[in-house]
Amino acid sequence: MSTKAVTDASFSTEVLQSDKPVLVDFWADWCGPCKMIAPALEEIAEELADKVTIAKVDIMENTTIASDFGVQSIPLLILFKDGKPVAQKLGAAPKSQLKGWLESVL
């Protein structure tokens, strides 16, 4: 399972009501670091598919959710468990660091 695009309209259902943890990648098309980590997130989504869903929110198209969570810098990764944000990581990092961080907070 690869990453899943989530919108303002689907955020509540796809993220807040999910029965497993969801890592949300807040990104934008013009963001270089966002594009750098995208392939790593796709691979992590496959490798950890049984433990976590990785969702992507384009902040330019989904301004309500970005505003609700105070997104000011991207890429911003927020891990949601039981509908609540429990951890976040700002900025790009190599796949090994992203995966290590994610596994440590799951």
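This section reports on the structure supplied with the text. The shown structure was predicted, so the numbers you read here are calculated from the model rather than taken from an experiment. (Residues numbered from 1 in each chain as written. Predicted model: local features only at pLDDT ≥ 70, side-chain atom pairs only at ≥ 80, totals over all residues. Heavy atoms only, no water.)

## With respect to the side chain of Asp 25
Selection rule: Secondary structure counts use DSSP, requiring at least four H or I residues in a row for a helix and at least two E residues in a row for a strand, with both numbered from the N terminus. Relative accessibility decides the category of a residue: with a 1.4 Å probe and only protein chains considered, values under 20% of the type maximum give buried, values over 50% give exposed, and everything between is partly exposed. Throughout, a contact is declared for two residues whenever any of their heavy atoms are within 4.5 Å.
Here Asp 25 lies in strand S2 (residues 22-27). On the accessibility criterion, Asp 25 (0% relative accessible area) is buried. Setting aside chain neighbours within four positions, we find Asp 25 in contact with Ile 37, Leu 41, Ala 55, Lys 56, Val 57, Pro 75, Leu 76 and Leu 77.

## Considerations on the sheet that holds strand S1 (residues 4-5)
What counts is decided by this rule: Two strands are said to pair when DSSP picks up at least two bridges between them.
What the 5 strands build is an open sheet, ordered S1-S3-S2-S4-S5; its pairing is mixed. Single-partner strands in this sheet number two, and they are S1 and strand S5 (84-90). The sheet contact formed by strand S4 (residues 76-81) and S5 spans 6 bridges and is antiparallel. Directly across from Phe 80, in S5, lies its bridge partner Pro 85.

## Focus on helix H4 (residues 95-105)
For clarity, the cut-off: The arc in question is traced by the directions running from the helix axis to the C-beta atoms.
Restricting attention to buried positions, one finds in H4 the residues Leu 98, Trp 101 and Leu 102. End-on, the buried residues of H4 take up no more than an arc of 95°, which puts them together on one face. Residues of H4 that are exposed and angled more than 90 degrees away from the buried face: Ser 96 and Ser 104. Where H4 is buried, its residues touch S2, helix H2 (32-47), S4 and S5.

## Quick notes on the state of the cysteines
Definition in use: Sulfur atoms of two cysteines make up a disulfide when they are within 2.5 Å.
Evaluation of the coordinates by the stated rule reveals 1 disulfide. Disulfide partner of Cys 31: Cys 34, at an S-S distance of 2.3 Å. One disulfide, between Cys 31 and Cys 34, carries an S-S torsion of 80° and so falls in the right-handed class. The buried category is assigned to Cys 31, whose relative accessible area is 4%.

## Some details on the nonpolar core
Here is the rule: Throughout this description, the term nonpolar core refers to a set of buried Ala, Val, Leu, Ile, Met, Phe, Trp, Tyr and Cys residues connected via side-chain atoms within 4.5 Å.
By size, the foremost hydrophobic cluster in this structure holds 20 residues, and its most contacted members are Phe 11, Val 24, Phe 26 and Ile 74. Residue assignment for this core shows that the elements contributing at least two residues are helix H1 (11-16), S2, strand S3 (53-58), helix H3 (63-68) and S4. Take this core: its biggest share by element is 4 residues, from S2. When neighbours within four sequence positions are excluded, Ile 74 is seen to be in contact with Phe 26, Trp 27, Ala 28, Trp 30, Cys 31, Cys 34, Ile 59 and Leu 90. Grouped together as the second largest cluster of nonpolar side chains are 16 residues, Leu 23, Ile 44, Val 52 and Leu 102 included.

## Examining the pairing of S3
Quick reminder of the rule: Orienting the strands away from the viewer, one traces the path from the first strand over the helix to the second; a clockwise path indicates a right-handed crossover.
In terms of burial, S3 is largely enclosed, as 6 of its 6 residues are buried. What you see with S3 is no split at all: Thr 53, Ala 55 and Val 57 on one side and Ile 54, Lys 56 and Asp 58 on the other are buried throughout. Of the pairings in the sheet, the one linking S1 to S3 comprises 2 bridges and is parallel in character. In the strand pairing of S3, Ala 5 is matched with Lys 56. Judged from the 6 bridges that link them, S2 and S3 form a sheet pairing that is parallel. Bridging across to S3, Val 24 finds its partner in Ala 55. For the crossover from S2 across H2 to S3, the handedness is right-handed.

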